[in-house]
Amino acid sequence: MELVTKPLMYWVFISIIVFAAQLCNGFYLPGSYMHTYVNGDNIYAKVNSLTSIETELPFSYYSLPYCKPLGGIKKSAENLGELLMGDQIDNSPYRFQMNVNESIYLCTTTPLNEHEVKLLKQRTRDLYQVNMILDNLPVMRFAVQNGVKIQWTGFPVGYTPPGSNDDYIINHLKFTILVHEYEGSNAEIIGTGEEGLGVISESDKSKASGYQIVGFQVSPCSVKYDPEVMTSLHMYDNITSISCPSELDKYQVIKEQERISFTYEVEFVKSDIKWPSRWDAYLKMEGSKVHWFSIMNSLMVIFFLAGIVFVIFLRTVRRDLTRYEELDKEAQAQMNEELSGWKLVVGDVFREPNCSKLLCVMVGDGVQILGMGGVTIVFAALGFMSPASRGMLLTGMILLFLILGIAAGYVSVRLWSTIKGTTEGWRSISWSAACFFPGIAFIILTVLNFILWGSSSTGAIPISLYFELFFLWFCISVPLTMIGGFMGTRAEAIEYPVRTNQIPREIPARKYPSWLLVLGAGTLPFGTLFIELFFILSSIWLGRFYYVFGFLLVVLLLLIIVCAEVSVVLTYMHLCVEDWQWWWKAFFASGSVSLYVFLYSINYLVFDLQSLSGPVSATLYLGYSLLMAVAIMLATGTVGFLTSFYFVHYLFSSVKID
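Residues numbered from 1 in each chain as written. Predicted model: local features only at pLDDT ≥ 70, side-chain atom pairs only at ≥ 80, totals over all residues. Heavy atoms only, no water.

Draft legend 1. Layout of the packing of helix α9 (residues 356-381) against helix α12 (residues 426-454). Contact geometry of α9 with α12 gives a least axis separation of 9 Å together with a crossing angle of 60°. In terms of orientation, α9 and α12 fall into the oblique class. With respect to the hand of their crossing, α9 and α12 are arranged in right-handed fashion. Side by side, α9 and α12 meet where Lys 357, Leu 358, Val 361, Met 362, Asp 365 and Ile 369 of the first sit next to Ser 428, Ile 429, Ser 432, Ala 433, Phe 436, Phe 437 and Pro 438 of the second. Looking at the contact of α9 with α12 residue by residue, the class counts come to nine nonpolar, two polar and two charged. (Axes fitted to C-alpha atoms, helices over the stretch in contact; angles between N-to-C directions. Helix = DSSP H or I, 4+ residues; strand = E, 2+ residues; numbered from the N terminus. Parallel < 35°, antiparallel > 145°, perpendicular 65-115°, else oblique. Left-handed = near helix turned anticlockwise from the far one by under 90°. Contact = heavy atoms within 4.5 Å. Nonpolar A, V, L, I, M, F, W, Y, C, P; charged D, E, K, R; others polar.)

Now the structure itself:
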């Protein structure tokens with residue numbers, strides 16, 4: 001056994017180190033890496049997948065008839081999170097020269113065929129956006145709606161006038177690049193780029209002075225060119241500056257046999273924005289006052305309700321215990337014959353629940369998910385997960401989930417040994433804990449992936465990535481879960497303070513089902529969550545940046561406190577009416593918040609994502625929402641169950657009843 005265990009442990013350790021080393025690139029404070037350029041340096045923009053808030057199906061940039069780079073299309077290295085999010089970053093022909101303002105011709109397409117026209121029109125009507133990146137900054141555009149200036153990332157594929165059947169392509173881009181002049185006199189600078197890191201040597205310090213890109217903006221428009229004149233030009237030839245037309249007849253219409261010419265111009269503007277602050281324009285949230293007010297209002301309500309619940313709970317339980325302990329032995333014996341409420345179920349309160357194996361597995365996976373979410377939010381709140389590292393937040397969550405398999409195995413097996421009184425069958429429990437939530441996620445993602453494959457979307461997970469995920473799960477998560485289970489068998493078992501009767505006590509009939517109270521209890525935890533949930537859903541489905549992890553950390557702490565209190569109070573209420581089957585009810589008293597999260601997601605789909613079109617997009621949305629709800633159920637249910645378990649254990653260990 002030892003000969004098998006040692007090599008296995010060795011390879012698991014090596015796998016974790018290699019994977020963590022790759023992940024570490026994503027953990028840095030925004031602004032700690034910088035790249036300086038000197039006058040005339042060539043800077044190439046990159047393009048990400050085309051995205052739309054109407055379909056939520058990303059597509060490759062070069063799926064449309066755009067100009068291609070001279071050296072061919074080259075994909076950038078993508079991490080695990082980017083692949084799962086559907087990002088596909090490619091090089092582009094858009095080239096800029098530092099501090100050189102110029103107007104450039106790119107290319108003229110061949111006459112559009114029927115398929116290309118249909119695709120361009122469809123992407124235009126579905127409001128697809130082109131996402132361009134320069135020096136790791138997404139392109140930003142500004143629009144005025146109802147007198148309010150709104151900022152967006154990316155620019156539209158085309159434009160459809162209201163009430164018109166014609167569509168017009170965006171083929172001319174006016175870029176404004178904000179640069180900050182940097183003096184690198186006595187500082188060592190860590191340069192970045194796709195090539196990696198490097199510390200500038202003494203001989204290169206003179207080159208450190210230069211310009212840093214701190215802003216990337218675009219003003220798109222449609223311009224109709226004479227293809228005969230434009231085809232005589234070559235890529236990167238200079239042309240005269242162009243003013244965006246205001247008349248529709250001067251726009252470039254999308255129709256068959258049209259030849260579309262693409263051009264762009266760039267203007268460099270010096271800015272006082274410094275490198276560490278260049279992401280501020282992307283991360284600031286509109287309506288911040290409303291956000292602050294909503295959060296503070298939610299905090300006040302939750303603290304108020306939690307205080308009331310806590311005071312009632314303390315007064316009730318402490319009064320019962322004090323009255324009992326003040327009696328002499330003769331009076332206690334007489335009182336034992338006249339017991340009522342929770343003291344009557346002393347011989348059944350620790351009786352094994354139905355489906356005890358499933359309960360142990362769900363609690364173990366809940367600890368794993370809660371630990372993953374908590375650690376990720378703490379790191380993000382401290383600023384160690386930069387939005388500049390795309391996909392690293394998701395990659396970090398996956399890594400933490402894999403490592404925390406050891407916690408899932410430990411908690412599952414220890415709870416199992418406590419309920420059963422023996423460690424027999426711990427391997428089955430550990431294996432089930434390793435497979436339960438990943439299995440649910442695999443089934444949901446596979447169904448959604450077939451839908452994405454059918455739509456030829458870049459959001460579809462490649463087969464190679466499926467094998468990578470399976471390898472990570474089987475070689476890291478499963479062994480760590482088994483190790484955690486083994487540690488659980490070595491841990492000291494939790495002893496019950498009272499003995500369990502051989503014959504179960506009959507539970508008195510109630511006027512209404514107890515599950516109604518359990519389901520209703522989820523409304524209180526949901527009250528702490530729904531405001532932040534709105535911002536999270538908006539960031540995921542409306543393409544907005546979410547970076548207020550400080551708020552999210554506070555909400556998470558409040559959610560844990562409220563879940564614990566609600567579950568304890570409901571457990572006490574059930575015990576008071578002689579209902580000793582509290583195990584699953586304690587889990588779902590707080591876990592039922594996931595039901596309201598899923599219902600709120602449907603509400604968000606109907607009322608806030610009205611532009612979402614087609615059954616495919618709605619299915620994708622509901623599939624991901626279901627996966628999120630399952631994860632929330634396991635995490636919050638675990639908090640409620642563990643708190644109730646220790647409450648019941650403490651309550652019955654405080655009273656000596658023969």
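Draft legend 2. Focus on the nonpolar core. Counting 99 residues, the largest nonpolar core has Tyr 94, Phe 96, Met 132, Phe 175, Phe 216 and Phe 652 as the members making the most contacts within it. With 13 residues, the single largest contributor to this core is helix α19 (residues 615-653). What Met 132 contacts, discounting residues up to four positions off in sequence, is Ala 45, Lys 46, Val 47, Tyr 94, Leu 137, Pro 138, Val 139, Phe 155, Leu 173, Phe 175 and Phe 216. Phe 526, Leu 529, Ala 564 and Val 597 belong to the second-largest nonpolar core, a separate cluster that totals 19 residues. (Core = buried A, V, L, I, M, F, W, Y, C linked by side-chain atoms within 4.5 Å. Buried < 20%, exposed > 50% of the residue type's maximum accessible area, 1.4 Å probe, protein only.)

Draft legend 3. Spatial organisation of the pattern of salt bridges. Under the definition given, this model contains eight salt bridges. The salt bridge partner of Asp 167 is Arg 125, with a shortest N-O separation of 2.9 Å. Separated by 42 residues along the polypeptide, Asp 167 in the loop between β10 (158-159) and β11 (168-169) and Arg 125 in helix α3 (residues 114-125) bring together distant segments of the chain. Residue classification places Arg 125 among the partly exposed positions, given a relative accessible area of 40%. Of the charged contacts in the structure, one is a salt bridge between Lys 420 and Glu 352, with a shortest N-O distance of 2.9 Å. Of the two residues, Lys 420 is situated in helix α11 (residues 405-420) and Glu 352 in the loop between α8 (329-337) and α9; the sequence distance between them amounts to 68 residues. Judged by relative accessible area, Lys 420 falls into the partly exposed class, the value being 36%. Looking at Glu 352, the relative accessible area reads 35%, which means it is partly exposed. (Salt bridge = Lys/Arg side-chain N within 4 Å of Asp/Glu carboxyl O.)

Draft legend 4. Spotlight on α9. Over its 26 residues, α9 runs 37 Å from end to end, which matches the ideal 38 Å to within 8%, given 1.5 Å per residue. Phi for Gly 383, located one or two positions after α9, is positive at around 90°. (Expected span 1.5 Å × (residues − 1).)

Draft legend 5. Highlighting α11. Here α11 spans 22 Å end to end across 16 residues, near enough to the 22 Å set by a 1.5 Å rise per residue. Within the span of α11, buried status applies to Gly 405, Ala 408, Gly 409, Val 411, Ser 412, Val 413, Leu 415, Trp 416, Ser 417, Thr 418 and Ile 419. Looking at the packing, one finds that the buried side of α11 touches α9, α10 (392-403), α12, α13 (463-490), α17 (583-591) and α19. Positive phi appears at Gly 421, one or two residues downstream of α11, with a value of about 80°.

What is shown is where atoms sit, not what they do.
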